[in-house]
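Examination of the molecular architecture
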Amino acid sequence: MNSNIYRKIMVATDGSEPVKKAVDTAIEISRLGGAKLYAVYVMASGGLSLTHPREVGWDKAMKEHMTTEGKEATAYVETAGKATNVEVEPVILEGNPAHEIVEFAEENDIDLIVMGTHGRTGVQRFLLGSVAQNVVRHSGKAVLVVRGAEAE
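Only a predicted model underlies this, so the values are computations on that prediction, with no experimental measurement involved.

Now for the packing of aromatic side chains. Tallied over the full model, the rule gives 1 aromatic pair. Between Tyr38 and Phe104 the ring centres are 5.8 Å apart and the planes differ by 65°, which places this aromatic pair in the edge-to-face class. On the criterion of sequence distance, the pair formed by Tyr38 in strand β2 (residues 36–44) and Phe104 in helix α3 (residues 97–107) is long-range, its members being 66 residues apart. For Tyr38, a relative accessible area of 7% translates into the label buried. The side chain of Lys20 reaches across the aromatic face of Tyr76, ending 4.7 Å from its centre.

This is the structure we're talking about:
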């Protein structure tokens, strides 16, 4: 069953367990509709200006770690997509996660953004913010938020 409703679907992933439910949902929607799936990982930039040599070395190591984490997260989506004959294109971006997700969706004519939520509530949600909440608020595209496991 191919559908023209969702030709391009994007799943935002950070490789965490709660997000895997969103990945599974995005793959299933893509499979049912014959859509291409973009697996998007955003390396959050802290916006810090590091000038001390030790800090620059730490910054480089952190960026390498995040790049590896992004490759692993998007590879998981690719592997899961292949198992169901869904075409997956991995994408690694850098910047503010909500902004980068919304911008990528706009620039690439994404029809549906699928995201997971970590289930944070109360002070944790207030202090950490919610990428999914910001994407829903600022995106002109359809957004499906899939609840992950509740935070402890």
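From this point, the discussion proceeds with the structure in view.
One open sheet accounts for 5 strands, arranged β3-β2-β1-β4-β5; its pairing is parallel. The open sheet has two edge strands with one neighbour each: β3 (88–95) and β5 (142–147). Sheet twist, expressed as the mean angle between neighbouring strand axes with direction ignored, is 25°. Direction of pairing for β2 relative to β3: parallel, over a ladder of 8 bridges. Paired with Met43 across the strands is Glu94, a residue of β3. Across the face of the sheet, helix α5 (residues 131–138) comes into contact with β4 (112–117) and β5 while running at roughly 155° to β4.

Thresholds, definitions, all that
- Residues numbered from 1 in each chain as written.
- Predicted model: local features only at pLDDT ≥ 70, side-chain atom pairs only at ≥ 80, totals over all residues.
- Heavy atoms only, no water.
- Phe/Tyr/Trp six-rings, centres within 6.5 Å; stacked < 30°, edge-to-face > 60°.
- Helix = DSSP H or I, 4+ residues; strand = E, 2+ residues; numbered from the N terminus.
- Buried < 20%, exposed > 50% of the residue type's maximum accessible area, 1.4 Å probe, protein only.
- Lys NZ or Arg CZ within 6 Å of the ring centre and 35° of its normal.
- Pairing = 2+ DSSP bridges.
- Axes fitted to C-alpha atoms, helices over the stretch in contact; angles between N-to-C directions.
- Contact = heavy atoms within 4.5 Å.

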